[in-house]
Amino acid sequence: WTVDLGWVEAQRLRQGDRVPIHTAGSTSLIHGTLLGDGYANRNGALVWTHTEADADWSQAKAEVFAPSWKRRGGPHLSWRKEQTGKIGGYAYHAARQLQCKVRIGPAWRKRFYTPEGKKLFIPPPDFKAVAIWYGDDGTLSKTAGTRTPKICTAGFVGGWRGPLAWAEALFGVGNVSVYSA
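Here's a quick rundown of the structure. Not measured: the values here are computed from a predicted model.

**Some details on the overall build of the protein chain**
- Summing up its helical and strand segments, the protein chain has five helices and 10 strands in all.
- A buried classification covers 35% of the 181 residues belonging to the protein chain.
- Expressed as a percentage of contacts within the protein chain between residues at least 6 apart in sequence, the contacts between residues at least 24 apart total 58%.
- A total of about 11,000 Å² of accessible surface is found on the protein chain, and carbon and sulfur atoms cover 54% of it.

Written out as structure tokens, the structure reads:
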């Protein structure tokens, strides 16, 4: 079981230990979100942010956790204001964003991050997790009349190599491509 302090064998659980009980499908949702736009913070929360245009997607993901978190107020959703600035000499404009945060426990961070805080590629356990990852970071590109689904692989230790090896093992060499924004 995962408790606030991490992994504990069932026989070592004590009265008063808090064990997050996720709803059906939420393990795939957590995994896919960590591969996509989410991160696990040091306090054991899953955090993701989407622009106002994708607020429905964020809210739909947050609602998966609502039943099991009702007693503690459910997932925390907050709007972040629009921002403008410069990165590397280029101007940017960030639209208003909806940030969602839900407690998942520290075991997810230990699994998906190096001790230095770099994100690891952990292959999706099922196609539900792949669908969530695609919902966050996927695109349908069109080249010469052919539509090709792609998933961004930016941000993982080792770049695109881990995701490409996983996809080629699943779908066959030559049948997949990845991109890193």
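After that view, the rundown keeps rolling.
**Observations concerning the pattern of salt bridges**
- Tallied over the entire structure, the rule returns one salt bridge.
- A salt bridge links K61 to D136; its shortest N-O distance comes to 2.9 Å. Of this pair, K61 sits in helix 2 (residues 55–69) while D136 sits in helix 4 (residues 127–137); the two residues are 75 residues apart in sequence, bridging distant segments of the chain.
- What makes K61 buried here is its relative accessible area of 2%.

**Considering the sheet that holds strand 8 (residues 97–103)**
- Spatial ordering of the open sheet is given by 3-4-8-5, a layout of four strands whose pairing is antiparallel. Each end of this open sheet is capped by a strand with a single partner; those strands are strand 3 (38–40) and strand 5 (76–80). For this sheet the average axis-to-axis angle between neighbouring strands, irrespective of direction, equals 20°.
- Where strand 3 meets strand 4 (residues 45–51), three bridges bridge the pair, whose relative direction is antiparallel. In the sheet register, G38 faces strand 4, and the bridge partner there is W48.

**Structural notes on a nonpolar patch on the surface**
- Together, F127, L170 and F171 line one region of the surface with nonpolar side chains, adding up to about 310 Å² of accessible area.
- Inspection of the secondary structure puts L170 in helix 5 (residues 161–171).

**Re helix 5**
- Where helix 5 is concerned, the buried positions are P163, L164, W166 and A167. All buried residues of helix 5 lie within an arc of 165° about the axis, which places them on one face of the element. Set apart from the buried face of helix 5 by more than 90 degrees, the exposed residues are R161 and A169.
- Buried-residue contacts for helix 5 involve helix 4.
- G172 sits one or two residues past helix 5 and shows a positive phi near 100°.

**Some remarks on the environment of S78**
- Inspection of the secondary structure assignment puts S78 in strand 5.
- Sequence-wise, S78 and K101 are 23 residues apart; in three dimensions their C-alpha atoms are separated by 8.7 Å.

**Considering the nonpolar core**
- Judged by nonpolar contacts, the single largest core of 26 residues is most densely connected at L34 and L46.
- Listed by contribution, the elements that provide at least two residues to this core are helix 1 (26–35), strand 4, helix 2, strand 8, helix 3 (107–112), helix 4 and helix 5.
- In terms of residues, this core owes the most to one element, helix 1, which gives four residues.
- Beyond its immediate sequence surroundings of up to four residues, L46 is in contact with I30, T33, L34, Y39, F65, C100, K101, V102 and I104.

What counts, and at which threshold
Residues numbered from 1 in each chain as written. Predicted model: local features only at pLDDT ≥ 70, side-chain atom pairs only at ≥ 80, totals over all residues. Heavy atoms only, no water. Helix = DSSP H or I, 4+ residues; strand = E, 2+ residues; numbered from the N terminus. Buried < 20%, exposed > 50% of the residue type's maximum accessible area, 1.4 Å probe, protein only. Contact = heavy atoms within 4.5 Å. Areas by Shrake-Rupley, 256 points an atom, 1.4 Å probe, with all protein chains shown as cover. Salt bridge = Lys/Arg side-chain N within 4 Å of Asp/Glu carboxyl O. Pairing = 2+ DSSP bridges. Axes fitted to C-alpha atoms, helices over the stretch in contact; angles between N-to-C directions. Patch = residues over 30% accessible without salt bridge, like charges linked within 9 Å, V, L, I, M, F, W, Y side chains within 5 Å. Arc of directions from axis to C-beta. Core = buried A, V, L, I, M, F, W, Y, C linked by side-chain atoms within 4.5 Å.

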